Amino acid sequence: MLFNFPKLVKQLLSNYPDYDYSVLNTRLFMSCWLTFSLDSSVTSMRGLFRKLNLGGTSVDQSTFSKANQHRSSQPFETLYQSLNRLVKKKNKPSKDWDICPIDSTTITLTSKVFWALGYHQVKLFNAVSQSQGSCESCVINFGSAHDYKFATAVTDPLSEKQVAVMDRGFAALPYFAALKEANKPFVIRLNLNYKKEALESGEWHVGTGKHAGDYRLVWFSDLEIKVTYCLMTNLPITVSNEEVSDIYRLRWQIELFWKFLKMHLKLDQLISKSINGVQLQLYACLCAYLIVHLLEIPEIWGSTLLDKLRYFQSRMTQEYSLVHWIDRILSDRPIRLYMESSELVM
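Residues numbered from 1 in each chain as written. Predicted model: local features only at pLDDT ≥ 70, side-chain atom pairs only at ≥ 80, totals over all residues. Heavy atoms only, no water.

**Q** Where do I start with helix α11 (residues 275-294) in this structure?
**A** Given 3.6 residues per helical turn, the α-helix brings residues three or four places apart onto the same face. Over its 20 residues, α11 runs 29 Å from end to end, which matches the ideal 28 Å to within 8%, given 1.5 Å per residue. For α11, a buried count of 18 out of 20 residues is recorded, marking the element as mostly surrounded by other parts of the structure. (Helix = DSSP H or I, 4+ residues; strand = E, 2+ residues; numbered from the N terminus. Expected span 1.5 Å × (residues − 1). Buried < 20%, exposed > 50% of the residue type's maximum accessible area, 1.4 Å probe, protein only.)

Structural data, given as structure tokens:
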């Protein structure tokens, strides 16, 4: 199997302009962010630009910082969507239910610049398809609002064959009613303190007030840790209780997703001190994850995401940096670091 990263670069990055800004054009800007996420030897903004400058790329840290404050996130969002389409094209969807665990991860904001604005953390929400490996949604929120307030935005992109699997943080009666009305399949862990009343139909009347409703409940216990789980679902009765509990267990996969992003792609190592810059970094991290997912490497190296990332990083050591590697791949349209005739400025 051949290493396909050069093909991915030509397919995804060649259409981004290398002439729209005189010093830090869009392609170079995106390459810098991907370098930070994918290069394990770079741990800070200063380290990133020291490496680039020593390699002959004449762009400085202050220019990059200013760009983070003002540049639109649209190129990163477009790249994120393009990568998701390629992942879906590569992996065929499941013929049955496609399980999509949903959760948020919290990243602490340590800069006093954010504290002055009243923000101490940022939350990233996502849903990950287990059959295709794609990231089905992306919601970013600065602050500490409850997860269920963003649940609808996360589940809206899911299809009728994708089962949203969520923990108690998303449990809220209005959200249950919205899922039921939209006919979105779901499995969610319910708090035990909800008022529940058994019905003759086999369903349970859950909650009180105008948002109360009738739902199917599944109970199971973990005898080892002595915990009882109550799961709410609208899956048909043809999906057995045991299968519902197995579906809920797959929710743990999104915890492994967050772990991979934080341990290997620097999700929680925020280097920008602007809200816009943090959003760009989060999108760059997700794009890096999808690039790793799409990589094809020699079989002897393995097939897991970590195997792919390790092989990619070993190949990266043969280049001065990822920015230089991308530039060499796109040598037919080289990155223009200087444009004397251009009137475009940062």
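**Q** Would you mind going over empty space enclosed by the protein with me for this structure?
**A** Over the atoms a probe the size of a water molecule is rolled, and this reveals where empty space is left. Within the structure shown, the criterion is met by 1 cavity of 30 Å³ or more. Reported here for the largest cavity is a volume of approximately 70 Å³. As for the largest cavity, its lining consists of Phe5, Leu8, Val9, Leu12, Leu13, Leu34, Leu38, Leu79, Ile291, Leu322 and Ile326. For the lining of the largest cavity, the class distribution of residues is 11 nonpolar, no polar and no charged. (1 Å grid on protein atoms, 1.4 Å probe; cavity = no way out; pocket = protein on both sides within 12 Å on 5 of 7 lines; lining within 4 Å. Points joined across faces, edges and corners; volume = space filled by probe spheres on them. Nonpolar A, V, L, I, M, F, W, Y, C, P; charged D, E, K, R; others polar.)

**Q** Mind showing me how you'd approach helix α9 (residues 241-249) here?
**A** Within α9, the full set of buried residues consists of Val244, Ser245, Ile247 and Tyr248. The buried side chains of α9 occupy one side of the element, clustering within an arc of 155 degrees when seen end-on. Looking at the buried residues of α9, the elements they touch are β1 (98-108), β4 (162-166), β5 (186-189), β8 (213-222) and β9 (227-233). (Arc of directions from axis to C-beta. Contact = heavy atoms within 4.5 Å.)

**Q** Before we go on, may I ask you to explain the pairing of strand β3 (residues 135-142) in this structure?
**A** Taken across its 8 residues, β3 has 7 buried, putting it largely inside the fold. Note that strand β2 (residues 121-128) and β3 share 7 bridges and pair antiparallel. Within β3, the residue paired with Ala127 across the bridge is Ser137. If you look at the hairpin formed by β2 and β3, you'll find 6 residues sitting between the two strands, and Gly133 has a positive phi there, around 85 degrees. (Pairing = 2+ DSSP bridges.)

**Q** I keep staring at the packing of helix α1 (residues 5-12) against helix α5 (residues 74-90) and nothing clicks. Help me out?
**A** Between α1 and α5, whose axes approach to 11 Å, the crossing angle comes to 130 degrees. Classified by the angle their axes make, α1 and α5 are oblique. In this structure, α1 crosses over α5, and the sense of that crossing is right-handed. Residue-level inspection shows Leu8, Gln11 and Leu12 of α1 in contact with α5, the latter providing Leu79, Ser82, Leu83 and Leu86. Residues of the contact of α1 with α5, tallied by class, amount to 5 nonpolar, 2 polar and no charged. (Axes fitted to C-alpha atoms, helices over the stretch in contact; angles between N-to-C directions. Parallel < 35°, antiparallel > 145°, perpendicular 65-115°, else oblique. Left-handed = near helix turned anticlockwise from the far one by under 90°.)

**Q** Is there a simple way to explain the environment of Gly202 in this structure?
**A** Mapped onto the secondary structure, Gly202 falls in the loop between β6 (196-198) and β7 (204-206). In this structure the C-alpha to C-alpha distance between Gly202 and Leu217, which are 15 residues apart in sequence, comes to 8.9 Å.

**Q** Quick question: what am I supposed to make of the packing of aromatic side chains here?
**A** For any pair of aromatic rings, the description consists of the separation of the ring centres together with the inter-plane angle of the planes. For the coordinates displayed, the defined rule picks out 21 aromatic pairs. Consider the rings of Tyr229 and Tyr248, whose centres lie 6.2 Å apart with planes at 55 degrees: the pair is tilted. Taken together, the residues span a long stretch of sequence, with Tyr229 in strand β9 and Tyr248 in helix α9 at a distance of 19 residues. Here Tyr229 falls in the buried class, since its relative accessible area comes to 14%. (Phe/Tyr/Trp six-rings, centres within 6.5 Å; stacked < 30°, edge-to-face > 60°.)

**Q** Looking at this structure, I do not really get the pairing of β1. What am I missing?
**A** Along β1, 9 of the 11 residues are buried, which leaves the element largely enclosed by surrounding structure. Judged from the 4 bridges that link them, β1 and β4 form a sheet pairing that is parallel. Across the sheet, Cys100 pairs through a bridge with Ala164, a residue of β4. Where β1 lies against β2, 7 bridges are found, and the strand directions are antiparallel. Directly across from Thr105, in β2, lies its bridge partner Leu124.

**Q** Please clarify how the sheet that holds β1 should be interpreted in this entry.
**A** In a beta sheet, neighbouring strands pair by backbone hydrogen bonds and run either parallel or antiparallel. With mixed pairing, the 9 strands of this open sheet are ordered in space as β3-β2-β1-β4-β5-β9-β8-β7-β6. A strand with exactly one partner marks an edge of an open sheet, and here the two such strands are β3 and β6. Each adjacent strand pair in this sheet contributes to an overall mean axis angle of 30 degrees, direction not counted. Bridge count between β6 and β7: 3 bridges; the pairing is antiparallel. Looking across to β7, one finds that Lys196 is bridged to Val206. Packed on one face of the sheet, helix α8 (residues 173-182) meets β4, β5, β7, β8 and β9 and runs near 110 degrees to β8.

**Q** How should the pattern of salt bridges be read in this particular structure?
**A** Opposite charge on two side chains allows them to pair when their charged atoms are near. Within the structure shown, the criterion is met by 9 salt bridges. Salt-bridge contacts for Lys88 lead to Glu136; the nearest nitrogen and oxygen are separated by 3.3 Å. Of this pair, Lys88 sits in helix α5 while Glu136 sits in strand β3, placing them 48 residues apart in sequence. On the basis of relative accessibility, which here comes to 10%, the residue Glu136 falls in the buried class. Across the pair Asp246 and Arg249 runs a salt bridge whose closest N-O atoms are separated by 2.8 Å. Placement of the pair is Asp246 and Arg249 together in helix α9, with a separation of 3 residues, close to one helical turn. (Salt bridge = Lys/Arg side-chain N within 4 Å of Asp/Glu carboxyl O.)

**Q** So what exactly am I meant to see when it comes to unusual backbone geometry here?
**A** Glycine aside, residues mostly have negative phi angles, and peptide bonds mostly take the trans form. One non-glycine residue with positive phi stands out, namely Asn183, at about 60 degrees. The topology assignment puts Asn183 in the loop between α8 and β5. For Lys226, which is not glycine, the phi dihedral falls at a positive 60 degrees. Inspection of the secondary structure assignment puts Lys226 in the loop between β8 and β9. By relative accessible area, Lys226 is classed as exposed at 75%.

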